[in-house]
Amino acid sequence: MPTCTALIVAGGRGSRFGGPLPKQYALFEGQPVLRRTLTVFGTAPGIDRIQVVIGPGDEAPYQAAIAGFVLPPPVEGGASRQHSVLNGLEALAAQPPDLVAIHDAARPFVRPADIAACLKAVSAPGVDGAVLGVPLADTLKRVDGGGAISETVPRAHLWRAQTPQVFRFAALLAAHRGAAPLGASDATALTDDAAVAERAGLRVVMVAGHDDNRKITTAQDLQQAATMETRTALGFDVHGFGPGNAVMLGGVAIPHAQALAGHSDADVALHALTDAVLGAVGAGDIGKHFPPSDPQWRGASSDRFLRHAVGLVEAAGGRIVHLDLTLICEAPRIGPHREAMVESIARIAGVGRDRVSVKATTTEGLGFTGRREGIAAQAVATVEVPRS
């Protein structure tokens, strides 16, 4: 089993954060941010040792933050993050580990499972490093000096890099030693260790992480993190079959010998999802917002309903974390259309495809769905909203 040291970089000054102390020593729910980060790595499987790099003059807040932890003396950082990491690596060189996991102290929400995934990825043959990150979901625009859009940048294969970034120790140390100049500040230095590794020609792979592994940069980031809560709600809907040649499910028209009957387009999947999202923010049900007695919703596309529910979440300062849908029917077959439905629901809700799950089952010939009289849908919505 390879040994791994976590190198926690806590040397930044946090000029955008403000306040009397750097952000890594600010309190989050009664604990310094650095302490929460150390707690995660202290329980993460595969981490044998923790070494912290701190800024000059930060000894007092550092000692207060780590009270009760048994750690080696901290290493003093440099003028840039790149310089601080090199100082930390040099401090480990006398007794080098096999692997080093470099992590920003101001990312206290990283999951132990994601740390383990990076360790597993870097252990593969021919891999020198593994970087935790998230595939880019937003459309990127390049603008000119006047703020006008000059280009839309294709987002395919683009990721947002996070930490930890795990490397084979000897290879990363050599790469850092060879990366010159160090730069007098973060403005002139390489911004992460993957960039140092790339310059040295090392092979680094991405590992899918989570959006909640956020970095505390401003006081607002800390405030939002401290005041958010996760809610989960269930939605359920049923529609019977009627005349037609296609059913709408998840915003996708699926050829079938019958259609679903209902006041709108009878998209039972989007109706269940809408109820789940509305329930998560205590906003009632779909009938409250779109009464079946109102003729304006006759034949309406159900994507309007789900977008409305998602808009209520966003208006409350929240976000969709995950949408899970189960369709219950004997026919039509859902499997061939599953990916199209995932894509459609993700687009309507404004989330990444990895935040949508579509499943299907039957009732083994029992009940109204077993008799092929209609389709039922069950949905679970997980959202993150500000605490009341």
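Criteria and thresholds
- Residues numbered from 1 in each chain as written.
- Predicted model: local features only at pLDDT ≥ 70, side-chain atom pairs only at ≥ 80, totals over all residues.
- Heavy atoms only, no water.
- Helix = DSSP H or I, 4+ residues; strand = E, 2+ residues; numbered from the N terminus.
- Buried < 20%, exposed > 50% of the residue type's maximum accessible area, 1.4 Å probe, protein only.
- Contact = heavy atoms within 4.5 Å.
- Areas by Shrake-Rupley, 256 points an atom, 1.4 Å probe, with all protein chains shown as cover.
- Lys, Arg positive; Asp, Glu negative; His and termini not counted.
- Charge placed at Lys NZ, Arg CZ, Asp CG, Glu CD.
- Core = buried A, V, L, I, M, F, W, Y, C linked by side-chain atoms within 4.5 Å.
- Polar contact = N/O pair within 3.5 Å; in protein donor to acceptor, adjacent residues only side chain to side chain.
- Salt bridge = Lys/Arg side-chain N within 4 Å of Asp/Glu carboxyl O.
- Pairing = 2+ DSSP bridges.
- Axes fitted to C-alpha atoms, helices over the stretch in contact; angles between N-to-C directions.

## A closer look at the overall build of the chain
Here comes step 1: Check the secondary structure of the chain and you find 12 helices and 18 strands.
Here comes step 2: Along the longest, intermediate and shortest principal axes, the C-alpha atoms of the chain span 75 × 50 × 45 Å.
Here comes step 3: Looking at the 388 residues of the chain, the share that counts as buried comes to 47%.
Here comes step 4: For the chain, the share of sequence-separated contacts (at least 6 apart) that also reach a separation of at least 24 residues comes to 72%.
Here comes step 5: Entry remark: accessible area of the chain is about 17,900 Å², with carbon and sulfur atoms responsible for 54%.
Here comes step 6: The chain carries 35 positive and 37 negative side-chain charges, and their two centres are separated by 1 Å.

## Notes on the nonpolar core
Here comes step 1: Counting residues in hydrophobic clusters, the biggest one holds 43 residues, and the most contacted among them are Leu249, Leu325, Leu327, Met341 and Ile345.
Here comes step 2: Of the residues forming this core, the biggest block, 9 residues, is contributed by helix α8 (residues 268-280).
Here comes step 3: Ignoring sequence-local partners within four residues, the contact set of methionine 341 consists of Leu249, Gly250, Val252, Ile254, Leu325, Leu327, Ile334 and Val358.
Here comes step 4: In terms of nonpolar packing, the next biggest core, distinct from the first, is built from 32 residues, Cys4, Leu38, Tyr62 and Val207 among them.

## Quick look at the side chain of histidine 239
Here comes step 1: Along the chain, histidine 239 falls in strand β12 (residues 228-242).
Here comes step 2: A distance of 2.9 Å separates a polar side-chain atom of histidine 239 from the backbone oxygen of alanine 261.
Here comes step 3: For histidine 239, the residues in contact, after removing those within four places along its chain, are Leu260, Ala261, Gly262, Ala266, Val268, His271, Gly374 and Ile375.

## Overview of the pattern of salt bridges
When their charged atoms lie close together, side chains carrying opposite charge are able to pair.
Here comes step 1: Scanning the entire structure with this criterion turns up 17 salt bridges.
Here comes step 2: One salt bridge connects arginine 160 with aspartate 211, and the closest N-O pair in it is separated by 2.5 Å. Of this pair, arginine 160 sits in strand β10 (residues 159-168) while aspartate 211 sits in the loop between β11 (204-208) and α7 (219-227), and the two are 51 residues apart along the sequence.
Here comes step 3: The class of aspartate 211 is partly exposed, set by a relative accessible area of 26%.

## Let's talk about the sheet that holds strand β4 (residues 49-54)
Here comes step 1: Pairing within the open sheet is mixed, and its 7 strands lie in the order β5-β4-β1-β6-β10-β7-β11. With partners counted over all chains shown, the strands left at the sheet margins are β5 (75-76) and β11, one partner each.
Here comes step 2: Across 6 bridges, strand β7 (residues 129-135) lies against β10 in antiparallel orientation. Across the sheet, residue proline 135 finds its bridge partner in β10, namely tryptophan 159.
Here comes step 3: The strands touched by helix α1 (residues 33-43) are β1 (4-10), β4, β6 (99-104) and β10; relative to β1, the strand with the most contacts, the crossing angle is about 170°.

By themselves these figures say nothing about function.
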